[in-house]
Amino acid sequence: DNDTDNFISKRIIEITKFAKRVEVKGSGKAALDYLRENQSNAENLPSLIFLDINMPIVDGFVFLYEFEKFNEVDRNKCKAIILSSSDNKRDIDKIVNNNHVIKFITKPLTEVALDEIKLGLKPGDEMPLETTICNEVREHGTLVVFDDALADPHYSQHQTPKLYNFRSYISV
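Residues numbered from 1 in each chain as written. Predicted model: local features only at pLDDT ≥ 70, side-chain atom pairs only at ≥ 80, totals over all residues. Heavy atoms only, no water.

Draft legend 1. Structural context of helix α2 (residues 28-37). Taken as a whole, α2 has its buried residues at Gly-28, Ala-31, Leu-32, Tyr-34 and Leu-35. Angularly, the buried residues of α2 cover 160° about the axis, an arc narrow enough to put them on a single face. At its buried positions, α2 is contacted by β1 (48-51) and α3 (60-67). (Buried < 20%, exposed > 50% of the residue type's maximum accessible area, 1.4 Å probe, protein only. Helix = DSSP H or I, 4+ residues; strand = E, 2+ residues; numbered from the N terminus. Arc of directions from axis to C-beta. Contact = heavy atoms within 4.5 Å.)

Structure (structure tokens):
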């Protein structure tokens, strides 16, 4: 994508702490080259790829065509989110029907869009009560407090912090 859009998107991701690491590539070709270079190092492969439809050298369609040639493990690790200003309905319909595309977002990237990705919810949606810690608090009437779910003996294996991608919680 262009430098300005890449800068804005990277800053939003960093400010919201959406990802631990952000790799920015200026073209679809550069992104494909990066993925090819890191195929043997799964730690360097992204779990999400923000992909524009209209990019220099290699556009989003060609990127996804080439990405389909990667091995199945790598393809399954990396999912694409289309981040585009395109309003061409035919292009949008075509690209979102790709197996590796999980969402279409209209530029610019926002904190709300990242929350929707992270939680799988849109503003106004409700979390199923049975998937929340609040439900357990209501059932058992106990105080729940932890500042790092990953380090907590009970909540490190609990479904809710994993499902909704949060680390700390307090309920009284």
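So that's the structure; there's more coming.
Draft legend 2. Region of the structure containing the layout of surface pockets. Considering only enclosed or pocket space, the largest pocket measures out at about 1,400 Å³ in volume. For the largest pocket, the lining is made up of 46 residues, of which Ala-19, Arg-21, Pro-46, Ser-47 and Leu-48 are closest to its centre. Counting only elements with at least two residues in the lining of the largest pocket, the list comes to α1 (3-15), α2, β1, α6 (111-119) and α8 (159-164). The element best represented in the lining of the largest pocket is α1, accounting for five residues. Its residues assigned to classes, the lining of the largest pocket comprises 23 nonpolar, eight polar and 15 charged. (1 Å grid on protein atoms, 1.4 Å probe; cavity = no way out; pocket = protein on both sides within 12 Å on 5 of 7 lines; lining within 4 Å. Points joined across faces, edges and corners; volume = space filled by probe spheres on them. Nonpolar A, V, L, I, M, F, W, Y, C, P; charged D, E, K, R; others polar.)

Draft legend 3. Seen up close, the packing of α3 against helix α5 (residues 89-96). At a minimum axis separation of 11 Å, α3 and α5 run at an interaxial angle of 15°. Taken together, α3 and α5 sit at an angle that is classed as roughly parallel. Judged by the twist between their axes, the crossing of α3 over α5 is left-handed. Residues Gly-60, Phe-61 and Leu-64 of α3 form the contact with α5, whose own contacting residues are Asp-91, Lys-94 and Ile-95. When the residues that make up the contact of α3 with α5 are grouped by side-chain class, the tally is three nonpolar, one polar and two charged. (Axes fitted to C-alpha atoms, helices over the stretch in contact; angles between N-to-C directions. Parallel < 35°, antiparallel > 145°, perpendicular 65-115°, else oblique. Left-handed = near helix turned anticlockwise from the far one by under 90°.)

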